[in-house]
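Observations on the model geometry
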Amino acid sequence: MAPVDTFRPEPGTLPAREAIPSRYTWDLTPICRDWDEWKRQYDQLDAAIEAFKSRQGTLSRGAADLLAAFRAMDAMGALSYRVWYFAALQYDQDQRNNEFNARRQQVQILFAREQQAGAWFNPELLAIPLDTVRAWLDANEELAVYRFAIESLFHEQEHVLDEPGERLMSFAGRFNSVPHDSYAALTTADMKFPSITLPGGEQVTLSYGQYRALLERNRRQDDRAAAYRAFHKSYADNQNTYAALYNGVLQRDWFHARARGYATTLDAALHGNNIPTSVVENLIAATREGVGPLQRYHRLRRRTLGVETYRLFDFSLPLVEHDARYPYDEVGGWIVDSVAPLGADYQRQVRRAFQEGWIDVYENAGKRSGAYSAPVYGAHPYMLLNYNETLDAVFTLAHEMGHSMHTTLSHQSQPFVYAGYTIFVAEVPSTLNEALFLDLMLERARSREERAVLLQHAIDSIAGTFYTQVLFADFELQAHRLVEQDEPVTAETLNGMYARLLREYYGDVLDEEDISRVTWARIPHFFNSPYYVYQYATCFASTARLMQDLRAPATRDQAVSRYLSLLRAGGSDYPMNLLARAGVDLSQPGTVRAVAAELDILVARLETELAAL
Ligand SMILES: [Zn+2]
């Protein structure tokens, strides 16, 4: 039954915020009633920051003083969430609003002061012998809550240098961002997007957005080929510059690893989260063994598209045309239904999200693009969407809801210090919610076309979020190893490495294309955040492994309770330990193989649906 004030924006129009009924906008009053309350909280935080300075020099006195300092930090942290998000969320709902922007910046300035006022804490704690701190933890139950926080701080400390060493590192720190700043300048500020006439006669300027849209929509292969070649020409023309910049990234990482006493750049990248390097090595090895289903999918695409040659620019085209619309009011109920396997309590929380103003649904003039879930400690998570009734928008909603439930369960179960979670586990609940939602949608699909579209969506997400990211991780690891082994890094070596990877992952289903060798230069992650993307893949593998147990009636109950305890655990332990408790062991090839197994099933189903169309 549709509610009386149902609202669906006209496609292609941008409503003013005031025109959208309040049941489609978020309710921020649980954070602060109004700006007056916000101001009181802001002043309270300001005062707490000042007061915290006076604790300097007290930690070594004993457990009571250390506990008091930790609690003072928690109180500041909890206030920070409210003060920040009340301003930041309102800014995001209309970024043209200067008043909100000014308040948001005011909070940023306060945060910088908070950081300075607390800068003494870690060095002072680390100066106390670990054995002394451990004795305090054993003797004081309330302090023992902070055991993991303290142990992990000392763990990080293992690679901190003495004072002159750290001083030198801080000087070198100023060069750290040069490679990726230069990369950003070259690919945005200084980038000249080519304007070309396609063989089909259309005139296009190939900005990132236009280029992507063209590959997804244009059914003429010669148009796609022309766009692909023109778009990548500037990367090819500047390949020696890109290689030199990437060499800068690699040399910097190797400098940091060696200066801090790590055996390899990978060891250095994984130490903070205490992740064994075998996780990444196993991920890559097991994925390489599991490229069969990926190639099976591309063979199916090649056949279905009916093309004589098949190249990277043929990857994004939908196999079936089907433009179903998914009204928000209808979809909300489906999302609630889809999480039924996770139990009544989880389902009740999801229902709350829809009923209690957690979601800002539609695009409006000035609103921030994209989607996110904001973990507002002390209130509840808030989701920003730009819901446009497409299949992508529906899955984005399922995805963000997964993040929000993770936040909800973690905030309800953990003390403040562990309420947040790391990226290494963060994408598990979001992708798991998507997987559950897909199962429901496939069950309810009304036609073969719709089923085919859903299957392609799921397959593309495995291909893009898993296989592509592992290929990237493979490239990064090989490139870093070149530097670790004193091998030269040139455009030729990097191009050769990338061409080899494309062959190894896609086999002979992909026809070679000379310019594809240089497409590594297009991946900002390589330049901005080395050894980062593999985490998308490990999350995906964890989800696939969990879904195997959730789908099987014999293991479901146990799997559900283990999974929910992972969500409730927040950031209270190292990610590998948390996942292990949920039954996921990422050092085992079997976990990674779960993805290939799932992909194979989906591709087989898609083959059947397409054959019957
Ligand atoms: Zn996410």
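The following refers to the structure shown. (Residues numbered from 1 in each chain as written. Predicted model: local features only at pLDDT ≥ 70, side-chain atom pairs only at ≥ 80, totals over all residues. Heavy atoms only, no water.)

Examining the overall build of the protein
Of the regular secondary structure elements, the protein holds 26 helices and five strands. For a compact globule of 613 residues, the expected C-alpha radius of gyration is about 25 Å, and the protein comes in at 26 Å, within 12% of that figure. Along the longest, intermediate and shortest principal axes, the C-alpha atoms of the protein span 75 × 70 × 55 Å. The buried share of the protein, taken over its 613 residues, is 53%. Within the protein, residue pairs in contact and separated by at least 24 positions form 75% of the contacts whose partners lie at least 6 positions apart. Carbon and sulfur atoms form 50% of the exposed surface of the protein, whose accessible area is close to 27100 Å². In the protein, the 60 positive side-chain charges and the 79 negative ones have mean positions that sit 2 Å from each other. (Helix = DSSP H or I, 4+ residues; strand = E, 2+ residues; numbered from the N terminus. Rg over C-alpha atoms; globule rule 2.2 N^0.38 Å. Buried < 20%, exposed > 50% of the residue type's maximum accessible area, 1.4 Å probe, protein only. Contact = heavy atoms within 4.5 Å. Areas by Shrake-Rupley, 256 points an atom, 1.4 Å probe, with all protein chains shown as cover. Lys, Arg positive; Asp, Glu negative; His and termini not counted. Charge placed at Lys NZ, Arg CZ, Asp CG, Glu CD.)

Concerning the coordination of the zinc ion
Distances from the zinc ion to its protein donors, namely His399 (NE2), His403 (NE2), Glu427 (OE) and Glu427 (OE), fall within the range 2.1 to 2.5 Å. Viewed at the metal, the four donor atoms of the zinc ion are separated by angles of 53 to 138°, and the geometry they form is irregular. The exposure class assigned to His399 is buried, which follows from its relative accessible area of 16%. (Donors = N, O, S within 2.8 Å, 3.2 Å for Na, K, Ca; no water. Tetrahedral: all angles 85-135°; square planar, octahedral: opposite > 155°, others 65-115°.)

Side note on the pattern of salt bridges
Per the stated rule, a full pass over the model turns up 43 salt bridges. Asp65 is paired through a salt bridge with Arg61; the nearest N and O atoms lie 3.2 Å apart. Its relative accessible area of 23% is what places Asp65 among the partly exposed residues. Two residues, Arg311 and Glu513, come together in a salt bridge whose shortest N-O distance is 3.1 Å. A residue pair is termed long-range when its members are at least 10 positions apart, and Arg311 in the loop between helix 15 (292–305) and helix 16 (328–338) and Glu513 in the loop between helix 21 (491–506) and helix 22 (524–528) qualify at 202 residues. We note that Arg311, like Glu513, is buried. Salt bridges sharing partners connect three or more residues here, namely Asp46, Glu50, Lys53 and Arg113. (Salt bridge = Lys/Arg side-chain N within 4 Å of Asp/Glu carboxyl O.)

A short note on the side chain of Gln347
Positionally, Gln347 belongs in helix 17 (residues 344–355). Sequence-distant contacts of Gln347, defined by excluding residues within four places in its chain, comprise Val336, Asp337, Val339 and Ala340.

Notes on the sheet that holds strand 3 (residues 359–360)
The mixed open sheet is built from three strands, whose spatial order is 3-5-4. The open sheet has two edge strands with one neighbour each: strand 3 and strand 4 (372–374). Both strand 4 and strand 5 (residues 382–384) contribute to a ladder of three bridges, which runs antiparallel. By the bridge assignment, Ala374 is partnered in strand 5 with Tyr382. Across the sheet, helix 2 (residues 63–93) touches strand 4 and strand 5, and the angle it forms with strand 4 is around 155°. (Pairing = 2+ DSSP bridges. Axes fitted to C-alpha atoms, helices over the stretch in contact; angles between N-to-C directions.)

What about the nonpolar core?
Judged by nonpolar contacts, the single largest core of 160 residues is most densely connected at Tyr246, Ile359, Tyr387, Phe466 and Trp520. When residues in this core are grouped by element, the largest group, 19 residues, is from helix 20 (residues 448–484). If you look at the next biggest cluster of nonpolar residues, it comprises 47 residues, including Trp120, Phe121, Leu143 and Ala374. (Core = buried A, V, L, I, M, F, W, Y, C linked by side-chain atoms within 4.5 Å.)

A look at the packing of aromatic side chains
Under the counting rule described, the total for this entry stands at 47 aromatic pairs. Where Tyr211 meets Phe231, the ring centres are 3.9 Å apart and the plane angle is 5°; that geometry is what we call stacked. Of this pair, Tyr211 sits in helix 10 (residues 208–217) while Phe231 is found in helix 11 (residues 221–237), placing the two residues 20 residues apart along the sequence. Accessibility assignment for this pair places Tyr211 and Phe231 in one class, buried. Considering the side-chain rings of Tyr328 and Tyr387, the 5.5 Å spacing of their centres and the 70° angle between planes classify their relative orientation as edge-to-face. Note that Tyr328 is positioned in helix 16 and Tyr387 in the loop between strand 5 and helix 18 (391–413), a separation of 59 residues in sequence. The aromatic ring of Trp35 is capped on one face by Arg103, whose charged end is 4.1 Å from the ring centroid. (Phe/Tyr/Trp six-rings, centres within 6.5 Å; stacked < 30°, edge-to-face > 60°. Lys NZ or Arg CZ within 6 Å of the ring centre and 35° of its normal.)

A word on helix 7 (residues 147–157)
Of the residues making up helix 7, those classed as buried are Phe148, Ala149, Ile150, Ser152, Leu153, Phe154 and His155. Elements that come into contact with the buried residues of helix 7 comprise helix 2, helix 4 (121–126), helix 5 (130–139) and helix 13 (265–271).

Overview of the side chain of Asn282
Position of Asn282 among the secondary structure elements: in helix 14 (residues 277–289). At 3.4 Å, the side chain of Asn282 forms a polar contact with the backbone oxygen of Ser587. The contacts of Asn282, once residues within four sequence positions are left out, are Leu586, Ser587, Gln588, Pro589 and Val592. (Polar contact = N/O pair within 3.5 Å; in protein donor to acceptor, adjacent residues only side chain to side chain.)

Looking at helix 23 (residues 534–551)
In a regular helix each residue adds 1.5 Å, so 18 residues correspond to 26 Å; helix 23 covers 26 Å between its end C-alpha atoms and thus fits that length. Of all 18 residues in helix 23, 14 are buried; the element is thus mostly enclosed. (Expected span 1.5 Å × (residues − 1).)

Notes on the environment of Glu114
In this fold, Glu114 is placed in helix 3 (residues 98–117). Residue classification places Glu114 among the buried positions, given a relative accessible area of 18%. With sequence-adjacent residues up to four places away left out, Glu114 is seen in contact with Leu45, Ile49, Met76, Gly77 and Ser80.

Describing the packing of helix 16 against helix 17
Remark: helix 16 packs on helix 17, axes separated minimally by 9 Å, with the N-to-C direction vectors making an angle of 160°. Judged by the inter-axis angle, helix 16 sits roughly antiparallel to helix 17. Of the two possible hands of crossing, helix 16 and helix 17 adopt the one that is right-handed. Across the interface between the two elements, Tyr328, Gly332, Ile335, Val336 and Asp337 of helix 16 pack against Gln347, Val350, Arg351 and Phe354 of helix 17. Tallied by class, the residues present in the contact of helix 16 with helix 17 amount to five nonpolar, two polar and two charged. (Parallel < 35°, antiparallel > 145°, perpendicular 65-115°, else oblique. Left-handed = near helix turned anticlockwise from the far one by under 90°. Nonpolar A, V, L, I, M, F, W, Y, C, P; charged D, E, K, R; others polar.)

Digging into the environment of Phe526
Secondary-structure assignment places Phe526 in helix 22. Using a relative accessible area of 1% as the deciding quantity, one classes Phe526 as buried. The spacing of Phe526 and His180 is 346 residues in sequence and 9.0 Å in space, taken between C-alpha atoms. Filtering out sequence-adjacent residues up to four positions away, Phe526 remains in contact with Tyr246, Val249, Phe472, Phe475, Glu476 and Trp520.

Quick look at unusual backbone geometry
Positive phi is not limited to glycine here, since Asn274 has a value of about 60°. Its location among the elements puts Asn274 in the loop between helix 13 and helix 14. What makes Asn274 partly exposed here is its relative accessible area of 36%. Despite not being glycine, Asp486 has its phi angle at roughly 60°, a positive value. Inspection of the secondary structure assignment puts Asp486 in the loop between helix 20 and helix 21.

Considerations on the packing of helix 20 against helix 26 (residues 589–612)
Between helix 20 and helix 26, whose axes approach to 9 Å, the crossing angle comes to 150°. By the angle class used here, helix 20 and helix 26 are roughly antiparallel. Every pair of crossing elements has a handedness; the one defined by helix 20 and helix 26 is left-handed. Residue composition of the contact of helix 20 with helix 26, by class: 16 nonpolar, one polar and five charged.

Structural measurements only, silent on function.
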